[in-house]
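The chain contents come next:
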Amino acid sequence: MDEQRPSGKPFDISKEEVRRAWLKVRANKGAPGVDEVTLAAFELDLKGNLYKVWNRMSSGSYFPPPVKAVEIPKAFGPGTRMLGVPAIADRVAQTVAAARIEAVVEPVFHDDSYGYRPGRSVPGAVAACQERCWKYDWVVDLDVQEFFGSVPWDLVLKAVEAHVTEPWVILYVRRWLAAPVQMPDGTLAERDRGTPQGSSVSPVLANLFLHYAFDTWMAREFPDCPFERYADDAVVHCGSEARARQVLAALEQRMEQVGLRLHPDKTKIVYCKDGNRRRPHDGPVSFDFPGFTFRARSMSGKHGRFTGYGPAISGSAMAKLSQEVRDWKLHRHVNLTEAEIAQWINPIVRGWMNSYGKFRRSALYPLLARINYYLIKWMRRKYKRFRALKAAMKAWSQAVASRPGYFAHWRWVTSPWQ
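So, the packing of helix α4 (residues 88-105) against helix α9 (residues 202-221)
Angle between the axes and distance between the axes are the two parameters that describe a pair of packed helices.
So, point 1. Taken N-terminus to C-terminus, the directions of α4 and α9 make an angle of 30°; their axes are 9 Å apart at the nearest point. As the angle between them shows, α4 and α9 are arranged roughly parallel. In terms of crossing hand, the pair formed by α4 and α9 is left-handed. Seen from α4, the contacting residues are Ala98, Ile101, Glu102 and Val105; seen from α9, they are Val204, Leu205 and Leu208.
So, point 2. Grouping the amino acids of the contact of α4 with α9 by side-chain chemistry returns 6 nonpolar, no polar and 1 charged.

Following this line, the structure appears as structure tokens:
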């Protein structure tokens, strides 16, 4: 994939761009697409496979295969969602285009857009939301119904064309939008709107669409109502209930104008009720954003304890993490050494701590204690001398005292009981 003299292709796409895209795809891992080619299989003939992607993209002859539909649990909240899994080669091609789009649109994106952007994160969105909840009494909690399945193609392409000058990017975005979805039963479903959630190019397309459909519109129409948006999940802060109702009514009309619809049951106006804000209100006083529940909580300050308004890991996010811990079945992996288990779970648990533990980390303690419970069960199964609970607990106490950082979560929780 070395760069050489000009290729003579109609589209100027470098082989180095394709190589960098592959490195991102490999780092993100993921399952195979409709062709069932895994990352490992793709890498067996890496040079040849990357050349095919480059050759077809730069010549204008690249046509994406169908996207594989896979049902997975929602990242934040209960229920499932349909994820679109492109083939490995298609992921590489999409990543090439996504990088070109990001390079020109990142500088113009709104500061309060946090989802799927370099240098932005869930904790950043939650921190901004927490600070504004202290300043504003009311929140409009928005839920766009079936955003990734409903977004209109013509408006997506119009937004891309407003920023991107390369004709090949627009050509391939159009083809990716129109690629059919292979359903779990093998049938192909044609689409006339939406962008599959899970494809490499969808995040930047979604952010670009919502930049015009929501971000710039809000900044223009309601400059007194700041917001945070994480992908299609957003909250708007208002100084009064009347203003919140005005904003919500306007947003309902705005979403209809851009081909979307607010979920009638999940979109709501929330009163940020706490120790100081105690006016009578028979509506919602809490909301989720994203993976955290905001509500009145006991807090510590300069003058002691008080009831404030803030976030902690949501019940649905905790349930998802708890299920993942159960699915590990740590106590059954007696074939692994202690070091191998630490190498396996530490990066995962450290990620949970870095994300969910930034706000009211004590809410995460029961989950971390449960991991300890399974580790003790593993120890008692693996070593005969620790079968008795008393002997196991003695060895456990010695281990956590002598190696406090061996397992990532031991920095916070060393007991198996909560």
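Past the structure itself, the notes keep going.
So, unusual backbone geometry
So, point 1. One non-glycine residue, Glu36, lies in the positive phi region at around 65°.
So, point 2. The backbone of Tyr116 shows a phi angle near 55°, a positive value even though the residue is not glycine.
So, point 3. For Tyr116, the position within the fold is in the loop between α4 and α5 (122-135).

Some remarks on the sheet that holds strand β11 (residues 304-313)
So, point 1. Strand order in the open sheet formed by 3 strands is β9-β10-β11, and the pairing between neighbours is antiparallel. Of all strands in the sheet, those bounded by a partner on one side alone are β9 (287-288) and β11.
So, point 2. Where β9 lies against strand β10 (residues 292-301), 2 bridges are found, and the strand directions are antiparallel. By the bridge assignment for β10, Phe287 is matched with Phe294.
So, point 3. Helix-sheet contacts for α5 involve β9, β10 and β11, and the interaxial angle to β10 is about 65°.

Let's talk about the pairing of β10
So, point 1. Between β9 and the antiparallel strand that follows it, β10, lie 3 residues; Gly291 among them carries a positive phi value of about 85°.
So, point 2. When β10 meets β11, the two strands line up antiparallel, connected through 10 bridges. Of the residues in β11, the one forming a bridge with Ser300 is Arg305.
So, point 3. The turn linking β10 back onto β11 is made up of 2 residues.

Examining the sheet that holds strand β8 (residues 268-271)
So, point 1. If you trace the 4 strands from one edge of the open sheet to the other, you get β6-β7-β3-β8, paired in antiparallel fashion. A strand with exactly one partner marks an edge of an open sheet, and here the two such strands are β6 (227-230) and β8. Mean inter-strand twist for the sheet, computed between neighbouring axes without regard to direction, equals 20°.
So, point 2. Judged from the 4 bridges that link them, strand β3 (residues 138-143) and β8 form a sheet pairing that is antiparallel. For Val140, the partnering residue across the bridge sits in β8 and is Ile269.
So, point 3. Contacting β3, β6 and β7 (233-238), α5 crosses the sheet at an angle of about 160° to β6.
So, point 4. Strand contacts of α9: β3, β6 and β7, with the helix running at about 170° to β6, the strand carrying the most contacts.

Section: α9
So, point 1. The end-to-end C-alpha separation of α9 is 27 Å, in line with the 28 Å expected for 20 residues at 1.5 Å each.
So, point 2. Where α9 bends most, at His211, the angle is about 50°.

Looking at the pattern of salt bridges
So, point 1. Taken as a whole, this structure holds 22 salt bridges when the rule is applied.
So, point 2. Between Glu16 and Arg19 there is a salt bridge whose closest N-O contact spans 2.7 Å. Within this pair, Glu16 and its partner Arg19 are both found in helix α1 (residues 15-28), separated by 3 residues, close to a single helical turn.
So, point 3. A relative accessible area of 26% places Glu16 in the partly exposed class.
So, point 4. According to the relative accessible area criterion, Arg19 is partly exposed, its value standing at 35%.
So, point 5. For Asp111, the salt bridge is made with Arg120, and the minimal N-O distance between the two is 3.8 Å.
So, point 6. The class for Asp111 is exposed, based on a relative accessible area of 56%.

Reading guide: rules and limits
Residues numbered from 1 in each chain as written. Predicted model: local features only at pLDDT ≥ 70, side-chain atom pairs only at ≥ 80, totals over all residues. Heavy atoms only, no water. Axes fitted to C-alpha atoms, helices over the stretch in contact; angles between N-to-C directions. Helix = DSSP H or I, 4+ residues; strand = E, 2+ residues; numbered from the N terminus. Parallel < 35°, antiparallel > 145°, perpendicular 65-115°, else oblique. Left-handed = near helix turned anticlockwise from the far one by under 90°. Contact = heavy atoms within 4.5 Å. Nonpolar A, V, L, I, M, F, W, Y, C, P; charged D, E, K, R; others polar. Pairing = 2+ DSSP bridges. Expected span 1.5 Å × (residues − 1). Bend = angle between axes of the 7 residues up to and from the residue. Salt bridge = Lys/Arg side-chain N within 4 Å of Asp/Glu carboxyl O. Buried < 20%, exposed > 50% of the residue type's maximum accessible area, 1.4 Å probe, protein only.

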